[in-house]
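Here is how the chains run, residue by residue.
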Amino acid sequence: MGYIPGGVRAICDRCGFEYRLSELKKEWTGLMVCHSDFDRRPAELKAPKVKPEGLPKPNARPEYDDETPNTTTPGSL
């Protein structure tokens, strides 16, 4: 890499060596690190892929149970 006038120098957050700012990458942890210290985000920390269950049924109602008392009418209290 040649001379870049006014090239900003920065320090790698992991190893402490000085690099050009354009050579550092921002890691998933928020650290600015050099190419040799760069770690990819582990697959365990990615959001799981969830498939949709399907379209909801129109006018869906819960199943009616004869054993449950009706508490919506004033006379049943």
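Everything numeric in this text was worked out from a predicted model, so none of it was measured.

1. Points about the overall build of the chain
For the chain, the count of helices and strands is zero helices and four strands. Reading the chain from its N terminus to its C terminus gives the helix and strand order β-β-β-β. Every one of the 77 residues in the chain was classed for burial, and the buried ones make up 10%. Pairs at least 24 apart in sequence give 3% of the contacts found in the chain among residues at least 6 apart. Entry remark: accessible area of the chain is about 7,500 Å², with carbon and sulfur atoms responsible for 55%.

2. Side note on the nonpolar core
Counting residues in each nonpolar core, the largest one holds five residues, listed as Ala10, Cys12, Leu24, Val33 and Cys34. Discounting chain neighbours no more than four positions away, the residues touching cysteine 12 are Phe17, Tyr19, Leu24, Met32, Val33, Cys34 and Asp37.

3. Brief notes about the side chain of aspartate 37
Within the secondary structure, aspartate 37 sits in the segment after strand 4 (32-33). One buried charge, aspartate 37, has no salt-bridge partner; the nearest side chain with opposite charge is arginine 14, at 5.9 Å.

4. A word on the pattern of salt bridges
Inspection of every chain in the model, using the stated rule, returns three salt bridges. Note that arginine 9 and glutamate 18 form a salt bridge whose closest N and O atoms lie 3.1 Å from each other. In this structure glutamate 18 comes out as partly exposed when scored by relative accessible area, which is 48%. A salt bridge links arginine 14 to glutamate 27, with the nearest nitrogen and oxygen atoms 2.8 Å apart. On the criterion of sequence distance, the pair formed by arginine 14 in the loop between strand 1 (9-11) and strand 2 (18-20) and glutamate 27 in the loop between strand 3 (25-26) and strand 4 is long-range, its members being 13 residues apart.

5. Points about the state of the cysteines
Tallied over the entire structure, the rule returns zero disulfides. This cysteine, cysteine 12, is not joined by any disulfide, and cysteine 15 carries the nearest cysteine sulfur, 3.6 Å off.

6. With respect to the confidence of the model for the chain
Model confidence for the chain is summarised by a mean pLDDT of 82, while 78% of its residues fall at 70 or above. Between the elements of the chain, mean pLDDT differs from a low of 92, seen in strand 2, to a high of 95, seen in strand 4.

7. Quick look at a positive patch on the surface
A cluster of basic residues, Lys25, Arg40, Arg41, Lys46 and Lys49, forms a positive patch on the protein surface. Residue position: arginine 40 is located in the segment after strand 4. Note on arginine 40: relative accessible area 70%, which makes it exposed.

Rules used throughout
- Residues numbered from 1 in each chain as written.
- Predicted model: local features only at pLDDT ≥ 70, side-chain atom pairs only at ≥ 80, totals over all residues.
- Heavy atoms only, no water.
- Helix = DSSP H or I, 4+ residues; strand = E, 2+ residues; numbered from the N terminus.
- Buried < 20%, exposed > 50% of the residue type's maximum accessible area, 1.4 Å probe, protein only.
- Contact = heavy atoms within 4.5 Å.
- Areas by Shrake-Rupley, 256 points an atom, 1.4 Å probe, with all protein chains shown as cover.
- Core = buried A, V, L, I, M, F, W, Y, C linked by side-chain atoms within 4.5 Å.
- Lys, Arg positive; Asp, Glu negative; His and termini not counted.
- Salt bridge = Lys/Arg side-chain N within 4 Å of Asp/Glu carboxyl O.
- Disulfide = S-S within 2.5 Å.
- pLDDT = per-residue confidence, 0-100.
- Patch = residues over 30% accessible without salt bridge, like charges linked within 9 Å, V, L, I, M, F, W, Y side chains within 5 Å.
- Charge placed at Lys NZ, Arg CZ, Asp CG, Glu CD.

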